[in-house]
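Summary of structural features
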Amino acid sequence: MTNYLLCIALLFGSRIEAQSVTGMIQQAEQMERQLKESEAIKIYQSVLLQEPQNVLVLCKLAELHTVLGNKESSDKKSKKLMYETAYAFAKRAYAADSNRVESNYVMSMASGNLTDFESDNKKVVGYVRDVRHYADRAVSLQPNYGKAQYVLGKWHYEMVKLSAFKKAAVKLFFGGLPEGEIEKAIFHMEKCKQLEPYMVSNYLDLGRAYKENRNPTKAIEILTQLQKLPNRTSADPILKAAGAELLANLQ
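First, a word on what this report is: a plain description of the structure on this page. Everything numeric here is computed off the predicted structure, so don't read it as measured data.

Criteria and cut-off values
- Think of each chain on its own: its residues are numbered from 1, step by step along the sequence as written.
- The predicted nature of this model means local features are confined to residues of pLDDT at least 70 and side-chain atom pairs, given and counted, to a pLDDT of 80 or more, with totals for whole chains, interfaces and linings taken over all residues.
- Working from all heavy atoms in the structure, the side-chain values ignore hydrogens and water.
- Secondary structure elements are taken from DSSP: a helix is a run of H or I of four residues or more, a strand is a run of E of two residues or more, and numbering for both begins at the N terminus.
- Each residue is assigned to one of three classes by its accessible area relative to the maximum for its type, calculated with a 1.4 Å probe on protein chains only: buried under 20%, partly exposed between the two thresholds, exposed over 50%.
- Should any heavy atoms of two residues lie within 4.5 Å, those residues are considered in contact.
- The Shrake-Rupley method, run with a 1.4 Å probe, gives the accessible areas here. Residue values count only the displayed protein chains as cover.
- An axis is simply a line fitted to the C-alpha atoms; with a helix, the fit covers only the stretch in contact. Between two such axes, the angle follows the N-to-C directions and lies from 0 to 180 degrees.
- By the definition adopted for this analysis, an angle is roughly parallel if under 35 degrees, roughly antiparallel if over 145, roughly perpendicular if from 65 to 115, and oblique otherwise.
- Note on convention: the crossing is left-handed when the near helix lies turned anticlockwise from the far helix by less than a right angle, right-handed when the turn is clockwise.
- As a working rule, the residues Ala, Val, Leu, Ile, Met, Phe, Trp, Tyr, Cys and Pro are called nonpolar, Asp, Glu, Lys and Arg charged, and the rest polar, with Gly in that last group.
- By definition here, a salt bridge exists when the distance from a side-chain nitrogen of Lys or Arg to a carboxyl oxygen of Asp or Glu is within 4 Å.
- For this analysis, a nonpolar core means a set of buried residues of the types Ala, Val, Leu, Ile, Met, Phe, Trp, Tyr and Cys, connected via side-chain atoms within 4.5 Å.
- Centres within 6.5 Å make a pair out of two Phe, Tyr or Trp rings, where for Trp the six-membered ring is used; the pair is then stacked when the planes are under 30 degrees apart, edge-to-face when over 60, and tilted otherwise.
- In our convention, an over-ring charge means Lys NZ or Arg CZ found within 6 Å of a ring centre and within 35 degrees of that ring's normal.

**Regarding the overall build of the chain**
When helices and strands are counted, the chain shows 12 helices and zero strands. Scanning the chain from its N terminus toward the C terminus, one meets helices and strands in the order α-α-α-α-α-α-α-α-α-α-α-α. Here the chain holds 251 residues, and the buried ones make up 43% of them. In the chain, of all internal contacts separated by at least 6 residues, the share reaching a separation of at least 24 is 60%. In the structure as shown, the chain presents an accessible area of about 13400 Å², 52% of it carried by carbon and sulfur atoms.

**Points about the packing of helix α5 (residues 101-113) against helix α7 (residues 146-161)**
In contact at an axis separation of 10 Å, α5 and α7 are set at 30° when each is read in the N-to-C sense. Here α5 lies roughly parallel to α7, going by the angle between them. Between α5 and α7 lies a crossing whose hand is left-handed. Of the residues in α7, those touching α5 at Tyr 105, Ser 108 and Met 109 are Lys 147, Ala 148 and Val 151.

**Regarding the packing of helix α10 (residues 200-212) against helix α11 (residues 216-227)**
Running from N to C, α10 and α11 cross one another at 165°; their axes reach a closest spacing of 8 Å. Between α10 and α11, the crossing angle belongs to the class labelled roughly antiparallel. Considering the relative orientation of α10 and α11, their crossing is left-handed. Counted together, Val 200, Tyr 203, Leu 204, Leu 206, Gly 207, Tyr 210 and Lys 211 of α10 and Lys 218, Ala 219, Ile 222, Leu 223, Gln 225 and Leu 226 of α11 form the full contact between these two elements. Of the residues contributing to the contact of α10 with α11, the split by class is nine nonpolar, two polar and two charged.

**Overview of the pattern of salt bridges**
Inspection of every chain in the model, using the stated rule, returns 11 salt bridges. Of the charged contacts in the structure, one is a salt bridge between Arg 100 and Glu 102, with a shortest N-O distance of 3.2 Å. Glu 190 serves as the salt-bridge partner of Lys 193, at 3.7 Å between the closest nitrogen and oxygen. Of this pair, Lys 193 and Glu 190 both sit in helix α9 (residues 182-195), three residues apart, roughly one helical turn. Neither residue differs from the other here; Lys 193 and Glu 190 are each classed as buried.

**Details of the nonpolar core**
By size, the foremost hydrophobic cluster in this structure holds 66 residues, and its most contacted members are Tyr 44, Leu 61, Tyr 105, Val 106, Met 189 and Leu 226. In terms of residue count, the dominant contributor to this core is helix α3 (residues 55-71) (eight residues). In this structure, Leu 226 is in contact with Val 200, Tyr 203, Leu 204, Leu 239, Lys 240 and Gly 243, ignoring residues within four places of it in sequence.

**Section: unusual backbone geometry**
Of note, the phi angle at Leu 35 is positive, near 65°, even though the residue is not glycine. Following the sequence through the fold, Leu 35 ends up in the loop between α1 (2-33) and α2 (37-50). Leu 35 gets classed as partly exposed once you look at its relative accessible area, which sits at 29%. Of note, the phi angle at Arg 214 is positive, near 60°, even though the residue is not glycine. Mapped onto the secondary structure, Arg 214 falls in the loop between α10 and α11.

**Here's the deal with the environment of Leu 246**
As for its position among the elements, Leu 246 is in helix α12 (residues 236-250). Along the chain, Leu 246 and Leu 223 lie 23 residues apart, while their C-alpha atoms are 8.0 Å from each other. Among all residues touching Leu 246, those that are not within four sequence positions of it are Arg 208, Lys 211 and Leu 223.

**Quick look at the environment of Asn 144**
Mapped onto the elements, Asn 144 comes out in the loop between α6 (121-141) and α7. Distance in space between the C-alpha atoms of Asn 144 and Glu 196 is 9.7 Å, their sequence separation being 52 residues. For Asn 144, the residues in contact, after removing those within four places along its chain, are Lys 191 and Leu 195.

**Re the packing of aromatic side chains**
One pass over the structure, following the stated rule, counts four aromatic pairs. Ring plane angle 75° and centroid distance 5.7 Å describe the contact between Tyr 83 and Phe 117, whose orientation is recorded as edge-to-face. Here Tyr 83 is found in helix α4 (residues 76-96), whereas its partner Phe 117 is found in the loop between α5 and α6, with 34 residues between them in sequence. Ring geometry for Tyr 87 against Tyr 127: centres 5.7 Å apart, planes inclined by 85°, an arrangement best described as edge-to-face. Separated by 40 residues along the polypeptide, Tyr 87 in helix α4 and Tyr 127 in helix α6 bring together distant segments of the chain. Overall, the relative accessible area of 15% leaves Tyr 127 in the buried class. A cation over an aromatic ring shows up here: Arg 132 above the ring of Trp 155, its NZ or CZ 4.7 Å from the ring centre.

Laid out in structure tokens, this is it:
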């Protein structure tokens, strides 16, 4: 009888804990919809106290810290801290399950965040290489994962724009990387636009890619669409403002 009651208690306790985690995640998602990323982060971190290997929560924390980093336009120290925190959560997600598209995507995203904040050329090139590596893995795992298509497209765009100095560093430390192609940048970001039609950052970089490809008419079209998108993160108004400035320069 005692063993039976113990089993019932353990079963009931596990259900309460599962419900608690589910409820917390729903609450965090609600905070995200209200553009309250800092509050969502606190709730997701509470989830990790119960489920430290929860891959999707770790990925959420990597994404949300990136959003907060994107908002820090003037304070570079705070921006770098947010990006480093995002990278740390991405690494934890990848260590927990390296075969999930989400963990590969956040590793690619977080590596890209840090390329502008690392002074060591070898580390910069390592991050550039990792962006491509993890983006390729994410797309191979799930081709219709729009965010992965975006980060792969952005990699191609940024490789096209890479300075001669950084290209020399790439060649020195790794014997070179595949060349970025503006047409591939546009292809992958257009694919993302189909799969993630409200992703503000993708529209901004797609507009930039069309401008780089000497297609101002298409760039104007994309950047005009960008201005009409709803804000899905608190960093979106900042990205839309950058798009509006570029749009004004093209018109």
